[in-house]
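One letter stands for each residue in the lines below.
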Amino acid sequence: MAISLLNPKAEVARAAQALAVNISAAKGIQDVMKSNLGPKGTVKMLVSGAGDIKITKDGNVLLHEMQIQHPTASLIARASTAQDDMTGDGTTSTVLVIGELLKQADNYISEGLHPRVLAEGFDKAREKTLEILEKVKIPVEVNRESLLDVCRTSLRTKVHQNVADLLAEVCVDSVLQIKKDDKPVDLHMVEIMEMQHKTETNTKLVKGLVLDHGSRHPDMPKSLKNCYILTCNVSMEYEKSEVNSGFFYKTSEEREKMVLAEREFIEQRVKKVVELKKKLCNGTDKSFVVINQKGIDPMSLDLLAKEGIIALRRAKRRNMERLALACGGIALNSFEDIQESHLGYAGHVYEHVLGENKYTFVEDCKNPSSVTILIKGPNKHTLVQIKDAIRDGLRAINNTISDGAVVPGAGAFEITANKELNVFKDTVKGKARLGIAAYAEALLVIPKVLATNSGFDAQDSIVKLQEECRLNPEPVGIDLTSGEPINPKDAGIFDNYIVKKQIINSCSVIASNLILVDEIMRAGMSSLKG
Amino acid sequence: MNFNNCGDILTIQFGHYANCVGTHWWNIQEKSFNYSKNEVQDINHDVLYREGVNEKGQVTFTPRLLLVDLKGSLGALPENSQLYGDVIEPSEAQVEWEPARVDIKEENKLQKNKFQQDLEDEGNSQSVAEYNLENDVKVWSDFLYARFHPRTLNIIKEYQHGNDSLFSIYPMGGDLWKSEQFNEDFVDKIRNYVEESDFLQGFQVLLDSTDGFSGLSTSCIEHLRDEYGKNIIAFPMIPSFYPDYKFQTEEERHQSLIKDSSRVLNLAFCFNNLRENSSLFVPLCTGKNGWRQPGEKRKFYHCEYDPELYYHSGAILASALDTLTLKYRLKHTSYTLRDLSVDLTPQSRIAAAASLCLPFSLNSDAELIDCLDHWEGPLTQTITPNCTLGTDRMIQLYTLRGISEDRLKRPSSKAGTQKDLPAYKCETIREMLEFYLSCTTFTSINNVTVVDSRLNVETPFPKIFDKFVGQKGNIFASPRQPYADVDSVPVMAGLHNGSGVGEMLESLHTQAKRIKFARFHQFKNAGVEMDDYSECLDNLFDFRECYEDNYFI
Ligand SMILES: Nc1ncnc2c1ncn2[C@@H]1O[C@H](COP(=O)(O)OP(=O)(O)O)[C@@H](O)[C@H]1O
Ligand SMILES: [Mg+2]
């Protein structure tokens, strides 16, 4: 999808023209993104010339799928990427608000207002809006209900409501499972595992780990109960040493001897594990599983298989950490003094085969602090769509925990901010107030577009909301099924505080840059290089 | 269980030129799979290929390969493997969303060229068709015959493929490697391949060494070394031509000169890194100079190619690679990639040179003994830039393929003057070649491997052999029939280490030193300081010293 309305040689345009170009570019992008916003927005299915499919509703992803040549567009794209990196949400809103700020600016500048004055107003408005945000935000306790509300709101803008509600539960439960105190969690400790499965679409939380590989020995058990888990980073694989390589310098007998000595060395290692297993498990109902980050060669696998041990090789580096958190025990770098206390525990370890892919489930762990979200779906692009949604859902939960607060959604914040900015405007002297007015107006783009996307008239809706807001001290948002005002608190529609904050900050900065054309030319050019 | 026998190799390709070479290489191999069963098969394809099962339960045999390229570089080839999973027609129903609110945006479908179309409807016998691949090939997938595993393709979304691609300098590659989006996925795919394998010989890395891929690939090699040990052979490649040489304005000419300089810088940083992290690296280029500009093309007898076409020059390098690497992928030896890198790199001489003779020209009515007796100059032509192979104190590993033992010499009853040659006592091709080398080199170590299979050069291999090359690669005095295409040729290739390699490094050092680094803001903006540059130069200089002759082998 190419945006062709942009003139790539903008740097030669004179300032006034350049401003016009910036504005039209921002409008152009806004037009493409508008329809995405909110739970009634459209999802775009992008099909490349070669037939590859990408499903997205995310403003940032869309911007990057488009071929952006123009500095303006690339500046906006960077703002939305920054928004995504920092908060994981609010990218479409960012693009819309920047676009709207420029539209408003256009009106004032064409009436002769100097862009500098306008930018000054934007900045004043930004500061004020941040104050308003502090007033509007709602402190929350970290509990299942409050987290579910935010996560559900976010996910319902990304996938079907029924899927969203399921995913929200999975996300919240996984975070609650691994959370310590009321701190945000390390999201790396929630593994997301995809399985492409022709007939099944499902997502579930596994309170343990799912590894994307299985044992490589035909005689190893496919399932074990009551398992000791040995996590290690120790080679159990014979490798030719440097001195034993090449053919120029050694006779074949010399080489044979060295091979034997080297093999012997590995065998001793494996025997250490086997001995421990025998000591702990033989004669009990316990069993033994080895998960190694390094390699295990067929001869070593053979020794382990004979003892009924499941052994996995080449586990992901990060899974070493996850395993320790899920099962207990510690990841060993040597078997020197290997003992029971080093081992973890899982109630059930079993293998699942799907085509040429194997998966190993490490489940029934005691109070795991690392878990896995398992997604099954019929094809790659559906899996990606769900995976993206889960990532965002997890971020929303983490944001809520670190913010300790949420913001009423459905346009409520923007309506309130608009009202208060207009009051504030009258206290400001000089033309900068016009910038504040423009800013206040621009924020309304969010409720307007939410309304339009649900099939309601933007103006009618805004008027209703503003009236209600004047009378009602509670937040007032838009009900997308009726077009009438609602209290988002009652409907459980909440956005992340940090998301709104970031939008407020970045939009006014970027919009100011864009109207101060000289600066943008430089900023735009250097952004092209990056 | 015998651990010395075979063992798998993972191949990784970085960049568009490396992928052109790689494409030819996989094509060459897969074309040779079709040979009839009674034909001798001395190559162990399991070394570079893996067996798998697709969703339909069909057995697949695909390259154990990861490749990386930029967005837009695939042409009409879908990113999703069609070998696994069906072609999916886009429809609203596949989206987890209310169908009425799904907006399908389809780009114009890209047309496949005739060769690709014929491959697609396999019913069409391809042999009759005439293709114009010289014209039709825009990107490597246009002449791709092999089919890939879903893991293989990795496309970088951040940078667009094309003449003025912004992925142009070394540090960009390193940054990209570190980005979570690229790294997590790619590192996992490497691990998936390694995990599958019972015994891994090591890694072959084909890389573009003059653009951002120089940094990406070397970061990857660092990772391989840290994670899996040190058996890594790298083939840094220099394209035979750059599109910016077709400048039209003075400004474009100027830009092209600047690009030449930053390509030299990329090469210097790249080689410096390979020196530290690979087990062996062999720079490859079909041009003589390589560094600032590829330079004049290397010539081969009976072979006419156009260096402006990657489709052509890539085929030359692929022929060399397919032949050179035979050493560690034969059925009846236990010689591994590690052995090769140990044998070839005494005294930390990690860099080595390669050479090629394509086709190995043996007259249809002659024997090898006469052929060698009349041979003038070196047996093979170097394909490492700025490198002259000497005859003194060399370590050389040669591979000759496609000359059968019955072409060695005439039986004594009919031998005539052949009998007077001292080489007549040699009983095998290998013996005779080793004898020949011992007579033409001094205080050198020479090793020869002889393989039966010729190099397959059927379409999509380009038609680069002249009319005196016969269908099976013999040289005839009169032109072959116009309808009889060459289907295979004998080839000789060599790997060399010696003082000439040191001179190659020195020439790169000299070029890189001449550049006013401070003027290249791009590097500085990407975090490469003057000190990094000086250190890199110093390292290259020290490295060159390992090759000085007073070190005795
Ligand atoms: N159920 C709902 N009813 C009304 N508005 C909603 C609802 N759910 C979310 N929203 C609003 O939709 C906007 C977010 O839409 P979204 O498509 O996620 O875009 P963004 O990329 O900006 O996050 C927020 O302003 C949020 O308050
Ligand atoms: Mg959102």
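Residues numbered from 1 in each chain as written. Chains lettered and ligands numbered in written order. Predicted model: local features only at pLDDT ≥ 70, side-chain atom pairs only at ≥ 80, totals over all residues. Heavy atoms only, no water.

Chemist: Mind showing me how you'd approach the overall build of chain A here?
Modeler: Of regular secondary structure, chain A possesses 18 helices and 16 strands. Reported as C-alpha extents along the three principal axes, the dimensions of chain A are approximately 95 × 60 × 40 Å. In chain A, buried positions account for 57% of the 530 residues. Approximately 21600 Å² of chain A is accessible, and the part contributed by carbon and sulfur atoms is 50%. (Helix = DSSP H or I, 4+ residues; strand = E, 2+ residues; numbered from the N terminus. Buried < 20%, exposed > 50% of the residue type's maximum accessible area, 1.4 Å probe, protein only. Areas by Shrake-Rupley, 256 points an atom, 1.4 Å probe, with all protein chains shown as cover.)

Chemist: Before we go on, may I ask you to explain the sheet that holds strand 2 (residues 53-56) of chain A in this structure?
Modeler: Judged by pairing direction, the sheet is mixed, and its three strands sit side by side in the order 2(A)-1(A)-5(B) without closing on themselves. The open sheet terminates on both sides in strands that have one partner only, identified here as strand 2 of chain A together with strand 5 (102-106) of chain B. Within the sheet, the average angular offset between the axes of one strand and its neighbour, ignoring direction, is 15°. Bridge analysis of strand 1 (residues 43-47) of chain A against strand 5 of chain B gives five bridges, and the strand direction is parallel. Along strand 5 of chain B, the bridge assignment pairs A:L46 with B:K105. (Pairing = 2+ DSSP bridges. Axes fitted to C-alpha atoms, helices over the stretch in contact; angles between N-to-C directions.)

Chemist: Is there a simple way to think about the packing of aromatic side chains in this case?
Modeler: Each aromatic ring pair is specified by the distance between its two centres and by the angle formed by the two planes. Taken as a whole and assessed by the stated rule, the structure comprises 30 aromatic pairs over all chains. When the centroid spacing of 5.1 Å and the interplanar angle of 20° are considered together, the rings of B:Y49 and B:F61 count as stacked. Here B:F61 lies in strand 3 (residues 59-63) and B:Y49 lies in strand 2 (residues 49-53), a separation of twelve residues in the sequence. Members of the aromatic cluster, connected to one another through ring pairs, are B:W25, B:W26, B:F33, B:Y49 and B:F61. One Lys or Arg, A:K366, reaches over the ring of A:Y345 and ends 4.3 Å from the middle of that ring. (Phe/Tyr/Trp six-rings, centres within 6.5 Å; stacked < 30°, edge-to-face > 60°. Lys NZ or Arg CZ within 6 Å of the ring centre and 35° of its normal.)

Chemist: Any chance you could explain the environment of A:K464 here in plain terms?
Modeler: All names here are of chain A. Relative to the helices and strands, K464 is located in helix 15 (residues 458-471). Residues K464 and I493 lie 29 residues apart in sequence; the distance between their C-alpha atoms is 19 Å. Discounting residues that sit within four places of it in the chain, K464 has contacts with G483, E484 and P485. (Contact = heavy atoms within 4.5 Å.)

Chemist: Hey, could you run me through the site of ligand 1 in this one?
Modeler: All names here are of chain A. Taken together, 21 residues form the shell around ligand 1, and within it G38, D89, S93, A410 and D495 come nearest. T92 places a polar main-chain atom, nitrogen or oxygen, 2.9 Å from an oxygen atom of ligand 1. Here an oxygen atom of ligand 1 sits 2.6 Å away from a polar atom, N or O, in the side chain of D495. Of all the elements in the fold, those that place two or more residues in the shell around ligand 1 are helix 4 (91-110) and helix 14 (445-453). For the shell around ligand 1, the element with the most residues is helix 4, which contributes three residues. Tallied by class, the residues present in the shell around ligand 1 amount to eight nonpolar, nine polar and four charged. (Near = heavy atom within 4 Å. Polar contact = N/O pair within 3.5 Å; in protein donor to acceptor, adjacent residues only side chain to side chain. Nonpolar A, V, L, I, M, F, W, Y, C, P; charged D, E, K, R; others polar.)

Chemist: Where do I start with the pairing of strand 4 (residues 190-196) of chain A in this structure?
Modeler: Look at any regular strand and the pattern is simple: side chains alternate between the two faces of the sheet. Residue and element names in this part refer to chain A. Within strand 4, five of the seven residues are buried, leaving the element largely enclosed by the surrounding structure. Sheet topology places strand 4 next to strand 12 (residues 371-377); seven bridges connect them, and they run parallel. Among the inter-strand pairings, E191 is bridged to a residue of strand 12, identified as T372.

Chemist: Is there a simple way to think about the interface of chain A and chain B in this case?
Modeler: Interface extent is often summarised as the accessible area lost during association of the parts. On the side of chain B, 62 residues touch chain A, which itself brings 68 residues to the contact. Overall, the association of chain A and chain B removes approximately 5700 Å² of surface from exposure, summing both partners, and the carbon and sulfur fraction of that is 50%. Applying the counting criterion to the chain A and chain B interface returns seven salt bridges. With its nearest N and O atoms 3.2 Å apart, the salt bridge here joins A:R313 to B:D198. Linking chain A with chain B are 34 residue pairs in polar contact (both at pLDDT 80 or more). Those elements that place two or more of their residues in the side of chain A that touches chain B are strand 1, strand 2, helix 2 (59-65), helix 9 (298-306), helix 10 (317-327), helix 11 (380-403) and helix 18 (517-529) of chain A. With six residues, the top contributor of residues to the side of chain A that touches chain B is helix 11 of chain A. Here the residues of the side of chain A that touches chain B are counted per class, giving 19 nonpolar, 24 polar and 25 charged. (Buried area = accessible area lost by both parts, 1.4 Å probe. Salt bridge = Lys/Arg side-chain N within 4 Å of Asp/Glu carboxyl O.)

Chemist: Quick question: what am I supposed to make of the nonpolar core here?
Modeler: The nonpolar side chains of a soluble globular protein tend to be buried with one another. Of all hydrophobic cores here, the largest spans 71 residues; its most connected members are A:F122, A:L421 and A:I515. Contact partners of A:I515, with chain neighbours within four places excluded, come to A:L19, A:L102, A:A105, A:I109, A:P115, A:L118, A:A119 and A:F122. Counting 69 residues, the second-largest nonpolar core is a separate cluster that includes B:F235, B:M237, B:L340 and B:I464. (Core = buried A, V, L, I, M, F, W, Y, C linked by side-chain atoms within 4.5 Å.)

Chemist: Looking at this structure, how should I read the state of the cysteines?
Modeler: Linking two cysteines covalently through their sulfur atoms gives a disulfide. For the structure on display, the rule yields zero disulfides over all chains. Of all cysteine sulfurs, the one in A:C227 lies closest to A:C281, which takes part in no disulfide; the gap is 8.9 Å. (Disulfide = S-S within 2.5 Å.)

Chemist: How should the pairing of strand 4 (residues 65-71) of chain B be read in this particular structure?
Modeler: Residues and elements named next belong to chain B. By the criterion of burial, strand 4 is predominantly enclosed, with seven of the seven residues buried. Bridge count for strand 1 (residues 8-14) against strand 4 is four bridges, and the pairing is parallel. Within strand 4, the residue paired with Q13 across the bridge is L67. Relative to strand 6 (residues 153-160), strand 4 runs parallel, the two being bridged by five bridges. Note on strand 6: the bridge partner recorded for K71 is Q160.

Chemist: Please clarify how the sheet that holds strand 5 (residues 202-206) of chain A should be interpreted in this entry.
Modeler: Each strand in a sheet pairs with another by means of backbone hydrogen bonds, the pair being arranged parallel or else antiparallel. All names here are of chain A. Here three strands make up an open sheet; going across it, the order is 4-12-5 and the pairing mixed. Of all strands in the sheet, those bounded by a partner on one side alone are strand 4 and strand 5. Neighbour-to-neighbour, the strand axes of this sheet turn through a mean angle of 20°, independent of strand direction. One ladder, built from five bridges, connects strand 5 with strand 12; its direction is antiparallel. In the sheet register, T203 faces strand 12, and the bridge partner there is I375. Helix 7 (residues 161-178) rests against strand 4, strand 5 and strand 12 of the sheet, and its axis sits at about 10° to strand 5.

Chemist: Sorry if this is basic, but what is going on with a negative patch on the surface here?
Modeler: Residue and element names in this part refer to chain B. A surface patch of like charges, here negative, comprises D531, D532, E535, D538 and D542. Within the secondary structure layout, D532 lies in helix 14 (residues 530-545). Classification of D532 by relative accessible area gives partly exposed; the value is 33%. (Patch = residues over 30% accessible without salt bridge, like charges linked within 9 Å, V, L, I, M, F, W, Y side chains within 5 Å. Lys, Arg positive; Asp, Glu negative; His and termini not counted. Charge placed at Lys NZ, Arg CZ, Asp CG, Glu CD.)

Chemist: Can you help me understand helix 4 of chain A in this one?
Modeler: For the α-helix, the turn length of 3.6 residues means that residues three or four positions removed from each other point alike. Residues and elements named next belong to chain A. Given a rise of 1.5 Å per residue, 20 residues ought to cover 28 Å, and the 29 Å separating the end C-alpha atoms of helix 4 matches this to within 8%. Along helix 4, 16 of the 20 residues are buried, which leaves the element largely enclosed by surrounding structure. Once helix 4 finishes, G112 follows within two positions and takes phi at roughly 105°, a positive value. (Expected span 1.5 Å × (residues − 1).)

Chemist: Is there a simple way to think about the confidence of the model for chain A in this case?
Modeler: Any residue range with low pLDDT should be treated as having predicted coordinates unsuitable for detailed reading. Looking at chain A as a whole, the pLDDT averages 88, with 92% of positions reaching at least 70. Across residues 522-530 of chain A, where pLDDT falls below 50, the model places ten contacts with residues more than four positions away in sequence or in other chains. (pLDDT = per-residue confidence, 0-100.)

Chemist: Honestly, the UniProt feature "domain: DML1/Misato tubulin" (unreviewed entry) in chain B in this entry has me stumped. Any pointers?
Modeler: Per the UniProt record, "domain: DML1/Misato tubulin" (unreviewed entry) is annotated on residues 135-330 of chain B. For residues 135-330 of chain B, the end-to-end C-alpha separation is 36 Å, with 44% helix and 13% strand making up the annotated structure. (UniProt positions renumbered as here; feature names shortened; annotations may be inferred.)

Chemist: What's the story with the confidence of the model for chain B in this structure? I'm lost.
Modeler: Summarising the model, chain B shows a mean pLDDT of 91, and 95% of its residues fall at 70 or more. Scored as a whole, the predicted complex attains pTM 0.92, and scored at its interfaces, ipTM 0.91.

Chemist: Would you mind going over the pattern of salt bridges with me for this structure?
Modeler: For the structure on display, the rule yields 69 salt bridges over all chains. Across the pair A:K278 and A:E307 runs a salt bridge whose closest N-O atoms are separated by 3.9 Å. Residue A:K278 is found in helix 8 (residues 252-281), and its partner A:E307 is found in the loop between helix 9 and strand 9 (310-312); the two are separated by 29 residues along the sequence. The shortest N-O distance in the salt bridge between B:E529 and B:K524 comes to 3.4 Å. Several salt bridges share partner residues, and in doing so they unite A:E191, A:D212, A:K316, A:R322, B:D188 and B:R191 into one network.

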